[in-house]
Amino acid sequence: MDSEENMPLEIAQLGQPVLRAVAQEVPLDRIAGADFQEFVAAMLETLEYEKGAGLAAPQVFVGLRVFLAGIHPAPAEGELPGIEVFINPTITPLGAETISAWEGCLSFPELLVLVPRPRAMRVEYVDLNGEPVVRELKGFAARVVQHEFDHLEGILTIDRAASTRDIIKASEIDTVREEEE
Ligand code: NI
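Scope of this entry: the structure provided in the associated data block. (Residues numbered from 1 in each chain as written. Predicted model: local features only at pLDDT ≥ 70, side-chain atom pairs only at ≥ 80, totals over all residues. Heavy atoms only, no water.)

Some details on the layout of surface pockets
- If you add up the space inside the largest pocket, you get close to 260 Å³.
- Together, 16 residues line the largest pocket, and Ala-53, Gly-54, Gly-104, Cys-105 and His-147 are the ones closest to its centre.
- Of all elements in the fold, only strand S3 (82-103) and helix H2 (139-152) reach the threshold of two or more residues within the lining of the largest pocket.
- A total of six residues in the lining of the largest pocket trace back to one element, the largest contributor, which is H2.
- For the lining of the largest pocket, a count of residues per class yields seven nonpolar, six polar and three charged. (1 Å grid on protein atoms, 1.4 Å probe; cavity = no way out; pocket = protein on both sides within 12 Å on 5 of 7 lines; lining within 4 Å. Points joined across faces, edges and corners; volume = space filled by probe spheres on them. Helix = DSSP H or I, 4+ residues; strand = E, 2+ residues; numbered from the N terminus. Nonpolar A, V, L, I, M, F, W, Y, C, P; charged D, E, K, R; others polar.)

Side note on H2
- Taking 1.5 Å per residue as the helical rise, H2 with its 14 residues ought to reach 20 Å, and the 21 Å between its terminal C-alpha atoms agrees with that figure.
- For H2, a buried count of 12 out of 14 residues is recorded, marking the element as mostly surrounded by other parts of the structure.
- What H2 keeps buried is the set Ala-141, Ala-142, Arg-143, Val-144, Val-145, Gln-146, His-147, Glu-148, Phe-149, Asp-150, His-151 and Leu-152.
- Lining the buried residues of H2 we find strand S1 (54-56), strand S2 (66-72), S3, strand S4 (111-126), strand S5 (132-138) and helix H3 (157-160).
- One or two steps after H2, the chain reaches Gly-154, where phi turns positive at roughly 75 degrees. (Expected span 1.5 Å × (residues − 1). Buried < 20%, exposed > 50% of the residue type's maximum accessible area, 1.4 Å probe, protein only. Contact = heavy atoms within 4.5 Å.)

Here it is in structure tokens:
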């Protein structure tokens, strides 16, 4: 039987103040510590349990600048993308091209929001080994990282909608897609 340690973390839902706060930098000397490593492991379990594309620490009531995002190709067909851990990230858009796509969020899974974002970006961060990393991402990976980065700033997809008409019930996405065609 699983112990309580394996229970998924509670996801903060829209209305919880932690989702609107600016998160704090992770002190680099904490990364190797058991507390932090166990916290990230619990976040990973929670993301897998929820089958999300990403999860930011404020979404589990922890105001630290760390998030997970599925940016690596799935190891096999039908499996989920590989998850990367981003600590103290900074992001820079690359190029002027912006693309809009429907985004969900575990903190309000009932909604989808059409969010315009730069197509390509650079992200600099520290990984779970405490090593600095620089990546250039585009497409879905770039979108997930920008969505999760927003969580560290207290910004949600609903803030980025070009119009309130770009906020829909997730259950109605098929109707919306038919209209778009
Ligand atoms: Ni989200």
